[in-house]
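Residue strings, one per chain:
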Amino acid sequence: MNGKFLSTENLPFCKGCGHHIVSQNLEKALSSVEGLSPLDVIVVTDIGCIGIIDKQFTTHTVHGLHGRSVALAAGIAMAIEDPKKKVIALLGDGGATIGLQHLMEAAQRNINMTVIVHNNMLYGMTGGQPSGLTPRGFKTPIMPDGKPNIGYDLCKVLHATGAPSVRRLLALGDLTADLAAALKTPGFAFVEAMEICPSYGVKFNPNRKLDDIAKEAGIELGHWEGPAREPYRPATHVAPASLFAAEKPITASQKASLTERYAVVLSGSAGEGVQSAAEFLAQAAISCDLHATKKGSYPVTVGVGFSTAEILLSPRPIHFTGISVPDAVIATSQEGLNKVRGLVEKMTKGTLYLDASLEAPATKATIVKHDFRGPLGGRSAVLVALTMLLDRAGIMPTDALLTVLKDSSLGKKIDFAKLRQTAG
Amino acid sequence: MSERYFIDNSRLIIEAAARAGAEVFIGYPITPANLLYLYASQRFPVVLPAPDEITTLQWMAGYAAAGKLPVTATSYPGLALMIESIGMSHMMELPMVIILVQRLGPATGTATGGATGDISLLHGINSGGYPIPTLCISDPRDAWELSAKAVHLADRLRCPVILLASKETVMTVQDVDPAVMTAVEPVTRRFYTGEGPYRPYAPESDGVPPLLPVGDARHQVRITASTHDQNAALQHSTPEALANSRRLAEKVEKNIGDYTLFDWDDDAAETVVVAYDVTAAAAREAVALLLAKGEKASLFIPKTLFPVPPRYFEILGRYKKIVIAEENLHGQYREILFGKGCRDGVRGVNAVGRLITPEEIAAEVRS
Ligand SMILES: Cc1ncc(C[n+]2csc(CCOP(=O)(O)OP(=O)(O)O)c2C)c(N)n1
Ligand code: SF4
Ligand SMILES: [Mg+2]
């Protein structure tokens, strides 16, 4: 028969395969939907015996991977804005097993699509192995004594996930009404059609009828409706014109005295503003026409432990951003010091700015011990130390940093007189 | 008075991709690619959080089949999950951009560690040896230009394009001259406009078949990842189908002139230093170090890693000594260019878990 949507002559399945019945009914169901033309329909097929049907469709067809048809169809359905278009995914129980999460995701989002799982209770294409949906006791070539455990109840899972329309039926007789109802559902509609694969299913389970198999395994047939929901449309947010819209470049308005590359490492504790202090320093340097790079490192649990930043400053463009031995290290807490101890021990010159509470490590660097945490507390310790460093190091005017700070979100929170005073 | 931004390359990559016309970002979080996801959420018209990387790629393929240009960003563990679907998208000829931010492996490795260890994997990413265009950034200018280029190439060649970076090249914050942000031409999509019948895999003279989005109201569109002829009809291994598969390689190879991208400072030296991604910066400084001492070396920074442009061999063939620096175990790109045996004069500088320094490269040039 040459249908409007599907040529059901010479379907590529074995004689007696349940896929014939579902396919023929799908053609009838599609034809019964008023106003639907083949070019309104996108059929996405999985890999498996059922998947090779795509060439018989007169609709748009997409034939992808084993188990992924539902996700691929979901992508298409989310991308297509015209609600009149029907996206249909056809897959087997094998495809539904390996791609279970795709079904749940599509159901949970209520993506506008119809999914038909052709559950012949085994992997037909690869020789009849059991799938996640194979019921207990059903025999297959690799489990001739029958599957020892029950199969997934996909209908229950998807109903619980929020699918508005879920059906399980036996692929016997006329299924037009059920399939048409699924096709007409706005949003996610799911159909599990239980079938028999004569080549492997009948061979290993002779004389067992489809309805007996379902009954004996306690598989319920029926239609489950979920709460009515609007079909999912991805939000299209009116994006800002540019990621740079809110960000002004830094203007070089002061002069630096730095003539060589200078490497600073700031190391303290999480939550004490180490990373932002590093950025303020770099921004200050850029405002003095220096080049700057910054890298941060901290544990994956960002809220605890050390927080370390590496800053490079140079009057020339910086390409290589590695620091073998820094010119200055600021350590404001024990965790911070522990993190950079190895680096500090390698220093043969330069300066270590160390909070007064910490024991000095063995190093040839000049050690400046000071109560950085002092009256302003841990959160300002690195800024105090940086103020002191700039006062002494001859890189750029300390003022450049203070100006950046004043213009920052911290500008109103910092007591600048105290900061200066604490920095000595 | 100079003006400069203090930003990371992730920001440049996302802004340029959006300006080039990429419309959808599908994300699954993974360090060190998270900044790209974050910026995309502020910049792309549509951003979807996927539940895993296989779904990510499948959704992208769905969007691409429907005529949109999707982008994602991931790192090795995510890439590993995506590979089957990248192969699918390549066979289906779906335009998309996958930003791969390399990190320190093997396996989960160190999420916040840098490396350039995925080169061999990318070289052989498709079963059968079909190359996927892979552009690698090494500085802010690349982040901007190659990101836009990747979007254009994906459309032009109708295939997935990989934009390669690493932890260091997308997370380090640096001062950037706004001048690198040159005008980006938004892509004009190359869609089929003929009267039909539409043959989804019938190529034009450049080997690329124009795409028609599924759901088109005038022509039937068929898309498949199985071996197929120009009508997308499944075939076992007919000459027509095999020719179609071969065309997948040919279309990216024969248009390589449009995207053979590299920096080359030829200093009439006998030695050339080759490096890409983060190591390109060390190589640049190594050459400067040598020059400061009155020693000469040329510098070659490949940006188009795959397919390897034939021009590279023409250039590298001029040098007696070739020093290739890269942050992986045995020199993955070196082995791809010159084989495991290597010709005389080809040397590697390799490191794992740390940056290769300019001094190490300079020492290898001198040795
Ligand atoms: C990732 C992957 N794993 C395995 C296969 C092999 N494979 C092809 S079809 C199939 C099973 C098909 O079973 P089902 O989905 O139930 O469809 P049926 O053949 O029964 O119609 C498998 C496992 C594959 N193509 N891809
Ligand atoms: S092997 Fe089984 S599932 Fe596949 S076509 Fe034959 S009968 Fe149908
Ligand atoms: Mg099956």
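So, how was this worked out
Residues numbered from 1 in each chain as written. Chains lettered and ligands numbered in written order. Predicted model: local features only at pLDDT ≥ 70, side-chain atom pairs only at ≥ 80, totals over all residues. Heavy atoms only, no water. Donors = N, O, S within 2.8 Å, 3.2 Å for Na, K, Ca; no water. Helix = DSSP H or I, 4+ residues; strand = E, 2+ residues; numbered from the N terminus. Buried < 20%, exposed > 50% of the residue type's maximum accessible area, 1.4 Å probe, protein only. Domains from an automatic or database assignment. Pairing = 2+ DSSP bridges. Contact = heavy atoms within 4.5 Å. Axes fitted to C-alpha atoms, helices over the stretch in contact; angles between N-to-C directions. Buried area = accessible area lost by both parts, 1.4 Å probe. Salt bridge = Lys/Arg side-chain N within 4 Å of Asp/Glu carboxyl O. Polar contact = N/O pair within 3.5 Å; in protein donor to acceptor, adjacent residues only side chain to side chain. Nonpolar A, V, L, I, M, F, W, Y, C, P; charged D, E, K, R; others polar. Core = buried A, V, L, I, M, F, W, Y, C linked by side-chain atoms within 4.5 Å.

### Notes on the coordination of the magnesium ion (ligand 3)
Residues and elements named next belong to chain A.
Then, number 1: At the metal site, the magnesium ion (ligand 3) is ligated by Asp 93 (OD), Asn 120 (OD1) and Leu 122 (O), and these contacts range over 2.0 to 2.2 Å.
Then, number 2: Read in sequence order, the donor residues coordinating the magnesium ion (ligand 3) give the pattern D-x26-N-x1-L. On the criterion of sequence distance, the pair formed by Asp 93 in helix 3 (residues 93-98) and Asn 120 in the loop between strand 4 (113-119) and helix 5 (154-161) is long-range, its members being 27 residues apart. As far as burial versus exposure is concerned, Asp 93 and Asn 120 are alike and both buried.

### Focus on the domain arrangement of chain A
Then, number 1: Domain boundaries assigned for chain A yield domain 1 (18-225) and domain 2 (262-423).
Then, number 2: Centre-to-centre separation of domain 1 of chain A and domain 2 of chain A, based on C-alpha positions: 61 Å.

### A look at the sheet that holds strand 8 (residues 250-251) of chain A
Then, number 1: Spatial strand order, 8(A)-1(B)-8(B)-10(A)-11(A)-9(A)-12(A)-13(A)-14(A): 9 strands in an open sheet with mixed pairing. Since the sheet does not close on itself, it has two edges, and those belong to strand 8 and strand 14 (366-370) of chain A, each with one partner.
Then, number 2: Across 8 bridges, strand 9 (residues 262-269) of chain A lies against strand 11 (residues 306-314) of chain A in antiparallel orientation. Considered in strand 11 of chain A, the bridge of Val 265 of chain A is made with Glu 310 of chain A.
Then, number 3: Of the strands in this sheet, strand 8, strand 9, strand 10 (291-297) and strand 11 of chain A together with strand 1 (3-8) and strand 8 (173-176) of chain B touch helix 9 (residues 274-287) of chain A, which is tilted by about 10° from strand 11 of chain A.
Then, number 4: Across the sheet, helix 10 (residues 334-346) of chain A touches strand 9, strand 10, strand 11, strand 12 (328-331) and strand 13 (351-355) of chain A, and the angle it forms with strand 9 of chain A is around 150°.

### Topic: the interface of chain A and chain B
Then, number 1: Contact with chain A, which involves 64 residues of that partner, is made by 67 residues of chain B.
Then, number 2: For the chain A and chain B pair, buried surface summed over both sides reaches about 5400 Å², with 60% attributable to carbon and sulfur atoms.
Then, number 3: Looking at the side of chain A facing chain B, the largest losses of area belong to Leu 243, Phe 244 and Phe 320 of chain A, adding up to 15% of the total buried there.
Then, number 4: Applying the counting rule to chain A against chain B returns 5 salt bridges.
Then, number 5: Inspection of the chain A/chain B interface yields 35 residue pairs in polar contact (both at pLDDT 80 or more).
Then, number 6: Broken down by secondary-structure element, the contributors of at least two residues to the side of chain A that touches chain B are strand 2 (60-63), helix 2 (69-79), helix 4 (100-109), strand 8, helix 9 and strand 10 of chain A.
Then, number 7: The element best represented in the side of chain A that touches chain B is helix 2 of chain A, accounting for 7 residues.
Then, number 8: For the side of chain A that touches chain B, the class distribution of residues is 30 nonpolar, 20 polar and 14 charged.
Then, number 9: Sheet analysis places strand 2 of chain A next to strand 9 (residues 222-224) of chain B, joined by 3 bridges and oriented parallel. Pairing of His 63 of chain A across the sheet is with Thr 224 of chain B, part of strand 9 of chain B.

### Here's the deal with the nonpolar core
Then, number 1: In terms of nonpolar packing, the biggest core is built from 90 residues, with Met 113, Val 115 and Phe 190 of chain A touching the most fellow members.
Then, number 2: In terms of residue count, the dominant contributor to this core is helix 2 of chain A (9 residues).
Then, number 3: Contact partners of Phe 190 of chain A, with chain neighbours within four places excluded, come to Leu 103, Val 115, Val 117, Leu 154, Cys 155, Leu 158, Ser 165, Val 166 and Arg 167 of chain A.
Then, number 4: If you look at the next biggest cluster of nonpolar residues, it comprises 52 residues, including Leu 243 of chain A together with Ala 18, Tyr 37 and Cys 159 of chain B.

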